[in-house]
Amino acid sequence: MSPFRTILHIDMNAFFAAVEQQSRPALRGRPVAVIGGGSRTVITTCSYEARAFGVRTGMRVGEGRQLCSDLELVVADPRKYADTSSRIMALFAEYTPLVEVFSIDEAFLDVTGSLRLFGDARRIAHLIKARIYHQFGLTCSVGIASNKLLAKLASDMQKPDGLTELADADIPRLFTTLPVGDLCGVGPRLQRQLHQLGIRTCRDLATYPLPLLKRRFGVIGARLQRMGRGEDDAPVRPEVAAEPVRSVGHSLTLDRDLDDREAIAIELLQLSERVGRRARRYGLQGRTIHLTLRYADFTTFGRQKSYIEATNSSREIHRRALGILDTLVLEQPVRLLGVRLDNLETETTQGLLFEVDQRPREVNAAVDALNDRFGSFSVTYASLLDALPRQPLVIAPSWRPQGIRYTGESEEG
Ligand SMILES: [Mg+2]
């Protein structure tokens with residue numbers, strides 16, 4: 001890795017609320033609060049117009065209404081946000097292959113190798129900002145710095161629609177007064193622990209005796225001290241870096257719990273289509289179909305069946321998934337469904353013994369390009385399906401696709 005890096009951190013502004021304002025023009029310029037979750041009583045995100053009244057993420061709807069009687073409430077639509085997010089992430093990938101999706105509305109881009117092609121980092125940032133605005137009507141804040149820690153700090157400095165560059169030379173002065181809690185990775189609990197040691201600013205952290213930090217925090221003590229100096233050598237980690245695909249799957253939390261087999265079959269068709277499409281895109285076919293169900297009480301289980309003939313036909317995947325469903329007695333309404341193709345092998349012409357997918361590949365190519373380029377929102381997800389305790393109905397702002405790590409250590413170490 002080159003010792004001198006140029007990293008962008010791009011943070012969408014009031015993402016969920018802004019997406020809603022774009023899809024519903026009557027909401028533009030209005031104080032909007034996106035609400036979600038089971039009880040729909042907590043504000044997930046709010047527009048800048050609402051923030052002007054003091055409305056904040058995490059507030060109860062009643063509190064928000066007290067501050068702003070005109071507050072427009074919109075129930076969150078996670079699929080819409082995930083879709084917009086993956087299209088934005090795909091756009092980033094046009095500027096560098098090194099894109100790390102940090103959450104649904106944030107990403108790190110290592111543009112070190114792209115500077116010669118596109119000019120300097122500011123120019124790349126301006127290009128990206130302009131494209132996001134023109135294509136999606138959305139604004140973002142961009143931070144430019146030599147590492148992820150500082151880039152994230154920089155993007156936070158100007159919101160909305162910001163562009164902030166932090167040079168390494170600026171850091172010592174800035175860090176003299178910067179509260180440690182402003183560093184990404186220093187959460188409230190870690191901040192409290194640091195405060196107990198008398199460490200309040202980044203400079204306090206940078207100059208604290210290292211042996212004492214190590215005694216208190218163990219292995220992360222040294223890392224914390226480097227953070228206090230603005231140092232961070234963590235690479236930008238792109239998705240599924242050349243890892244072989246072991247299985248292809250998709251899962252879906254249903255809009256409402258289903259106990260009707262017909263309705264479940266329709267949802268399975270949609271999932272099978274996505275699995276088949278992705279398998280074809282990878283040039284893979286599989287002999288094992290795995291069906292996952294999660295009941296309303298979050299009990300999760302799976303059944304699988306292997307066949308002699310491998311397939312990547314959506315129809316055939318659906319047929320096999322239904323075959324498994326038929327063997328199950330449903331004890332409760334179903335809240336989540338997953339379909340996975342396992343036992344993968346490279347596609348051969350024999351795989352076409354089954355009907356070839358009806359639509360020609362090129363018709364789907366544009367859509368596939370968008371969905372698959374940054375398809376981590378679903379593809380890596382399914383392989384971890386069994387391990388996931390639950391998938392929230394609403395994607396929290398902290399949501400990230402699987403395989404993505406934090407810039408800093410979590411406060412649990
Ligand atoms: Mg954001």
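See the structure above.
Numbering of residues starts from 1 in each chain and follows the order in which that chain's sequence is written. Residue-level local features of this predicted model are given only where pLDDT is at least 70; pairs of side-chain atoms are given and counted only at 80 or more, and the full residue set underlies all totals for whole chains, interfaces and linings. Hydrogens and water molecules were not included; the side-chain quantities draw on all heavy atoms of the structure.

This part covers empty space enclosed by the protein. Of the two site types, the cavity is a set of points on a 1 Å grid over the protein atoms alone where a 1.4 Å probe fits but cannot get out, and the pocket is an open set with protein on both sides within 12 Å along at least five of seven lines, each lined by residues with an atom within 4 Å of a point. Grid points are joined across faces, edges and corners, and a volume is the space filled by probe spheres set on the points. Scanning the entire structure with this criterion turns up two cavities of 30 Å³ or more. Every residue lining the largest cavity is listed: Arg223, Arg226, Met227, Glu231, Asp232 and Asp233. For the lining of the largest cavity, the class distribution of residues is one nonpolar, no polar and five charged. Each residue gets one label: Ala, Val, Leu, Ile, Met, Phe, Trp, Tyr, Cys and Pro are nonpolar, Asp, Glu, Lys and Arg are charged, and the others, such as Gly, are polar.

What follows concerns unusual backbone geometry. For the peptide bond that leads from Lys159 to Pro160, omega is -10°, which places it in the cis range. A run of DSSP states H or I qualifies as a helix once it reaches four residues; a run of E qualifies as a strand once it reaches two. Both are numbered from the N-terminal end. The residue Pro160 is located in the loop between helix 7 (148–155) and strand 8 (163–165) in this model. If you check the backbone angles, Ala14 has positive phi at about 40° while not being a glycine. Relative to the helices and strands, Ala14 is located in the loop between strand 1 (7–12) and helix 1 (15–23). Phi is positive for Asp161, close to 60°, though the residue is something other than glycine. For Asp161, the position within the fold is in the loop between helix 7 and strand 8.

All right, on to the coordination of the magnesium ion then. Four donors placed tetrahedrally around a metal ideally meet at 109.5 degrees, and six donors placed octahedrally ideally meet at 90 or 180 degrees. Taken together, Asp11 (OD), Met12 (O) and Asp105 (OD) make up the protein donors of the magnesium ion, found 2.2 to 2.4 Å from the metal. Here a donor is any nitrogen, oxygen or sulfur atom (N, O, S) within 2.8 Å of the metal, with 3.2 Å used for Na, K and Ca; water is not among the atoms considered, so some sites may look incomplete. Along the chain, the residues donating to the magnesium ion are arranged with the sequence spacing D-M-x92-D. Exposure classes here rest on a 1.4 Å probe applied to the protein chains alone. A residue is buried below 20% of its type maximum, exposed above 50%, and partly exposed in between. The exposure class assigned to Asp11 is buried, which follows from its relative accessible area of 8%. We classify Met12 as buried; its relative accessible area is 5%.

This paragraph deals with the packing of aromatic side chains. Between the rings of Phe, Tyr and Trp (Trp by its six-membered ring), a pair exists once the centres lie within 6.5 Å; its type follows the angle of the planes, with under 30 degrees stacked, over 60 edge-to-face, and the other angles tilted. One pass over the structure, following the stated rule, counts five aromatic pairs. Geometrically, the ring pair formed by Phe102 and Phe108 is edge-to-face, given 5.2 Å between the ring centres and 70° between the ring planes. A relative accessible area of 0% places Phe108 in the buried class. Through a chain of ring-to-ring contacts, three or more aromatic side chains come together here, namely Phe15, Phe16 and Tyr81.

Pairing within the open sheet is mixed, and its three strands lie in the order 3-2-4. The sheet is open, and its two edges are formed by strand 3 (42–46) and strand 4 (72–75), each paired on a single side. The sheet shows a mean angle of 40° between the axes of neighbouring strands, taken without regard to direction. Inspection of the sheet shows strand 2 (residues 32–36) paired to strand 3 by four bridges, in the antiparallel sense. Bridge pairing in strand 3 links Val34 to Thr45. Two strands qualify as a pair provided DSSP detects at least 2 bridges between them. Every angle, taken between N-to-C directions, lies between 0 and 180 degrees, and every axis is a line fitted to C-alpha atoms, over only the stretch in contact when it is a helix.

The salt bridge criterion pairs a side-chain nitrogen of Lys or Arg with a carboxyl oxygen of Asp or Glu, the two atoms within 4 Å. One pass over the structure, following the stated rule, counts 16 salt bridges. Lys80 is paired through a salt bridge with Glu20; the nearest N and O atoms lie 3.0 Å apart. Placement of Lys80 in helix 4 (residues 78–92) and of Glu20 in helix 1 is noted, with a sequence separation of 60 residues between them. For Lys80, a relative accessible area of 24% gives the class partly exposed.

Moving on, we get to the side chain of Asn147. As for its placement among the helices and strands, Asn147 is situated in the loop between strand 7 (140–145) and helix 7. Accessibility expressed as a relative area gives 4% for Asn147, which makes it buried. In terms of polar contacts, Asn147 uses its side chain to reach the backbone amide nitrogen of Leu149, at 3.1 Å. By definition, residues are in contact when any of their heavy atoms lie within 4.5 Å. With near-sequence residues (within four places) excluded, Asn147 lies in contact with Arg5, Ile7, Gly230, Glu231 and Asp232. Under the rule applied, a polar contact is a pair of N or O atoms within 3.5 Å (in protein, one hydrogen donor and one hydrogen acceptor; residues adjacent in sequence only if both atoms are side-chain atoms).

Within the open sheet, the five strands sit side by side as 5-6-1-7-8. Their pairing is mixed. At either end of the open sheet lies a strand with only one pairing partner, and these are strand 5 (99–103) and strand 8. On average, each strand axis in the sheet is tilted by 15° relative to the strand beside it, whichever way the strands run. Where strand 5 meets strand 6 (residues 106–110), four bridges bridge the pair, whose relative direction is antiparallel. Across the sheet, Ser103 pairs through a bridge with Glu106, a residue of strand 6. Of the strands in this sheet, strand 1, strand 5 and strand 6 are in contact with helix 4, which crosses strand 6 at around 10°.

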